[in-house]
Amino acid sequence: TVVELQKTLEATRLAVTGIFPQLRPLEAVSVVRVFATRAGYLDYVGQERAWSGGLWDARRDELVISPAESSGGGVRRAQLLRTVRHECFHQYLFYAAG
């Protein structure tokens, strides 16, 4: 759910800032684009990134997330949340390190 993603992103940000302090104050708004369908996600990121479930797109300055697949249940959902945390880290480094 979106609420679960919000909690995951905030927890990741707090953990990362404790390990890698910002080099300068963050002034950017962190954009997160969550798609309702896998097809919508793939249309947006393109075929060269069809393997992904989420990514930090520095060209667009946004974290882009595919919806979890209904098949696979918790395993797929857990995998997606790991991907979100990983990509959130990329987003944080992009802004915090300049």
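For the structure itself, look to the data block above.
Residues numbered from 1 in each chain as written. Predicted model: local features only at pLDDT ≥ 70, side-chain atom pairs only at ≥ 80, totals over all residues. Heavy atoms only, no water.

J.: Outline the environment of leucine 63, listing residues and values.
T.: By the secondary structure assignment, leucine 63 is in strand E3 (residues 62-65). A residue is classified by how much of its surface remains accessible, and leucine 63, at 0% relative accessible area, is buried. The spatial distance from the C-alpha of leucine 63 to the C-alpha of valine 34 is 8.4 Å, given a sequence separation of 29 residues. Once you skip the residues sitting within four places of it in the chain, leucine 63 turns out to touch Leu9, Val31, Val32, Arg33, Leu55, Trp56, Glu87, Cys88 and Gln91. (Helix = DSSP H or I, 4+ residues; strand = E, 2+ residues; numbered from the N terminus. Buried < 20%, exposed > 50% of the residue type's maximum accessible area, 1.4 Å probe, protein only. Contact = heavy atoms within 4.5 Å.)

J.: Explain the side chain of glutamate 62 to me, using residue names and the numbers behind them.
T.: Turning to its location among the elements, glutamate 62 is positioned in strand E3. Once residues within four sequence positions are removed from consideration, glutamate 62 is found in contact with Val31, Arg33, Tyr44, Leu55, Trp56 and Asp57.

J.: Describe in detail the environment of leucine 23, supporting the description with residues and values.
T.: Relative to the assigned elements, leucine 23 resides in the loop between helix H1 (2-19) and strand E1 (31-34). C-alpha of leucine 23 to C-alpha of alanine 97: the two residues are 74 residues apart in sequence and 5.7 Å apart in space. Beyond its immediate stretch of four places on either side in the chain, leucine 23 contacts Ala96 and Ala97.

J.: I'd like a description of H1, backed by residues and values.
T.: For H1, built from 18 residues, the straight-helix expectation of 26 Å at 1.5 Å per residue is met to within 8% by its first-to-last C-alpha distance of 26 Å. Among the residues of H1, those classed as buried are Leu5, Thr8, Leu9, Thr12 and Val16. Relative to the axis of H1, the buried residues are bounded by an arc of 100° and lie together on one face. Residues Lys7 and Gly18 are exposed on H1 and point more than 90 degrees away from its buried face. (Expected span 1.5 Å × (residues − 1). Arc of directions from axis to C-beta.)

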